[in-house]
Amino acid sequence: MTLCQTIFMELGRKEATFFGMPKLPLVQIPHHPSGGARPGEHAEDARIAIGPVRETLTDAGDPAEAGASGAEARAAE
């Protein structure tokens, strides 16, 4: 899984496909120029990303693609 800023999603998907990982999970986060970020702005982005990251990491999809079944992933918690 990769966190990817909004403006780089298209590039991230193309790069993942080019490097043989077309199903690489990309979690979209807002784009803020780091030098111009207000205090706490990135922390809020991280809080917003927690849900999509959790869903991606606990997805009970195809075990061959995910590396473990949903049950195995939950047992490891």
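So, how was this worked out
Residues numbered from 1 in each chain as written. Predicted model: local features only at pLDDT ≥ 70, side-chain atom pairs only at ≥ 80, totals over all residues. Heavy atoms only, no water. Salt bridge = Lys/Arg side-chain N within 4 Å of Asp/Glu carboxyl O. Helix = DSSP H or I, 4+ residues; strand = E, 2+ residues; numbered from the N terminus. Buried < 20%, exposed > 50% of the residue type's maximum accessible area, 1.4 Å probe, protein only. Patch = residues over 30% accessible without salt bridge, like charges linked within 9 Å, V, L, I, M, F, W, Y side chains within 5 Å. Areas by Shrake-Rupley, 256 points an atom, 1.4 Å probe, with all protein chains shown as cover. Pairing = 2+ DSSP bridges. Right-handed = clockwise from strand over helix to strand, strands pointing away. Contact = heavy atoms within 4.5 Å.

Enquirer: If you had to explain the pattern of salt bridges to someone new, which residues and values would you point to?
Expert: Side-chain pairs of opposite charge can arise whenever the charged atoms involved come near each other. Going through the model one piece at a time under the given rule, you end up with two salt bridges. E44 is paired through a salt bridge with R47; the nearest N and O atoms lie 3.1 Å apart. Separated by three residues within a single helix, E44 and R47 lie in helix α2 (residues 41-57), roughly one turn from each other. The partly exposed category is assigned to E44, whose relative accessible area is 36%.

Enquirer: Lay out a nonpolar patch on the surface with the relevant residues and their values.
Expert: A cluster of nonpolar side chains, M1, L3 and L57, forms an exposed patch at the surface whose accessible area comes to about 300 Å². Along the chain, L57 turns up in helix α2.

Enquirer: Which residues make up the pairing of strand β1 (residues 2-5), and what values go with them?
Expert: Of the strand pairs in this sheet, β1 and strand β2 (residues 26-29) are connected by four bridges, and their pairing is parallel. Opposite T2, over in β2, you have L26 as the bridge partner. Assessed by its sense of winding, the connection that carries the chain from β1 through helix α1 (residues 9-18) to β2 is right-handed.

Enquirer: Give a detailed account of the side chain of D45, specifying residues and quantitative values.
Expert: Along the chain, the position of D45 falls in helix α2. Once residues lying within four places of it in the same chain are set aside, the contact partners of D45 are P30 and H32.

Enquirer: Pulling in residues and values, what's your account of the environment of E55?
Expert: Tracing the backbone shows E55 in helix α2. Here the alpha-carbon distance between E55 and V27, two residues 28 residues apart in the chain, equals 9.9 Å.

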